[in-house]
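# Breakdown of the fold
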Amino acid sequence: MPGLIRGVARTAVIAGTATAVSNRVSRRQANRWSQQAYDQEARAASEQQQYAQPQQPQYQQPAPAPAAPAASTVDQLKELAALYQQGILTEDEFAAQKAKILAS
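Remember, predicted model here, so these are calculated numbers, not experimental data. The residue numbers shown here count from 1 along each chain, following its written sequence. Reporting in this predicted model follows two pLDDT cut-offs: at least 70 for local features of residues, and 80 or more for side-chain atom pairs to be given and counted; totals over whole chains, interfaces and linings ignore these cut-offs and use all residues. Side-chain figures throughout are based on the complete set of non-hydrogen atoms in the structure, without hydrogens or water.

### A word on the overall build of the chain
Looking only at helices and strands, one finds three helices and zero strands in the chain. Put simply, DSSP marks the helices as runs of H or I at least four residues long and the strands as runs of E at least two long, and each gets a number from the N terminus on. Starting at the N terminus and ending at the C terminus, the chain contains elements arranged as α-α-α. Three exposure classes are used, based on accessible area relative to the maximum for each residue type with a 1.4 Å probe and protein chains only: buried under 20%, partly exposed in between, and exposed over 50%. Within the chain, the proportion of its 104 residues that are buried is 4%.

### Describing the packing of aromatic side chains
Classification of ring pairs uses Phe, Tyr and Trp, with its six-membered ring standing for Trp, and accepts pairs whose centres are within 6.5 Å; under 30 degrees between planes counts as stacked, over 60 as edge-to-face, and the remaining range as tilted. All told, the structure shown has one aromatic pair when counted by the stated rule. Between Tyr84 and Phe94, the aromatic rings sit 4.8 Å apart at their centres with planes inclined by 25°, giving stacked as the arrangement. Here Tyr84 is found in helix H2 (residues 73-85), whereas its partner Phe94 is found in helix H3 (residues 91-103), with ten residues between them in sequence. The exposure class assigned to Phe94 is buried, which follows from its relative accessible area of 18%.

### A short note on a positive patch on the surface
Patch members must show over 30% relative accessible area and no salt bridge, and they are joined within 9 Å when carrying like charges or within 5 Å when they are nonpolar side chains of Val, Leu, Ile, Met, Phe, Trp or Tyr. Values of accessible area rely on a 1.4 Å probe in the Shrake-Rupley scheme; residue burial ignores everything except the protein chains shown. Counted as salt bridges are all cases of a side-chain nitrogen of Lys or Arg within 4 Å of a carboxyl oxygen of Asp or Glu. We score Asp and Glu as negative and Lys and Arg as positive, and we do not count His or the chain ends. The atoms used to mark charge sites are NZ of Lys, CZ of Arg, CG of Asp and CD of Glu. On the surface, a cluster of positive charge is made up of Arg24, Arg27, Arg28 and Arg32. On the secondary structure map, Arg24 appears in helix H1 (residues 2-52).

### Examining the confidence of the model for the chain
Predicted coordinates in regions of low pLDDT should not be interpreted in detail. Residue-level confidence of the predictor, termed pLDDT, takes values from 0 up to 100. For the chain, the average pLDDT comes to 80, and 84% of its residues sit at 70 or higher. When the elements of the chain are averaged for pLDDT, H1 gives the smallest value, 81, and H3 the largest, 90.

### Side note on H2
Compared with an ideal rise of 1.5 Å per residue, which puts 13 residues at 18 Å, H2 spans 18 Å between its outermost C-alpha atoms and is within 8% of the ideal. In the segment just after H2, Gly87 is the residue with positive phi, at about 85°. A helix is expected to span 1.5 Å multiplied by its residue count minus one.

### Examining the packing of H2 against H3
Closest axis-to-axis distance for the H2/H3 pair is 10 Å, and the angle between their directions is 175°. The pairing of H2 with H3 is recorded here as roughly antiparallel in orientation. Contacts between H2 and H3 involve Thr73, Gln76, Leu77, Leu80, Ala81 and Tyr84 from the first element and Glu91, Phe94, Gln97, Lys98, Ile101 and Leu102 from the second. Axes here mean lines fitted to C-alpha atoms, for a helix over just the part in contact, with angles spanning 0 to 180 degrees between N-to-C directions. With respect to orientation, any angle under 35 degrees is reported as roughly parallel, any angle over 145 as roughly antiparallel, any angle of 65 to 115 as roughly perpendicular, and every other angle as oblique. For this analysis, residues touch if any pair of their heavy atoms sits within 4.5 Å.

### Describing the environment of Leu102
Within the fold, Leu102 resides in helix H3. Sequence separation between Leu102 and Val74 is 28 residues; the distance between their C-alpha atoms is 9.5 Å. Apart from the residues within four sequence positions on either side, Leu102 is in contact with Thr73 and Leu77.

Quick look at the structure:
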């Protein structure tokens, strides 16, 4: 009888181990397949977005022309003085603009 119980116990251990290994292999395969399916779906979605987006022009637009160089402070003051001498600016306007130019 002890031999029979030992044989049954051994068979149970082997069967349990085989079941555990089989379940682990099945889970790993299922995870791999689900990851592959996810990757394929992501790739298909990416391709759809690529084709759905309007094509960007292959050329670059020319850079805007550089702005004219700012007049120097001396030039600005000369122009301001000329306007004051012509009577276009009052003394208060001249003083305010002069202070603004000198502050910048």
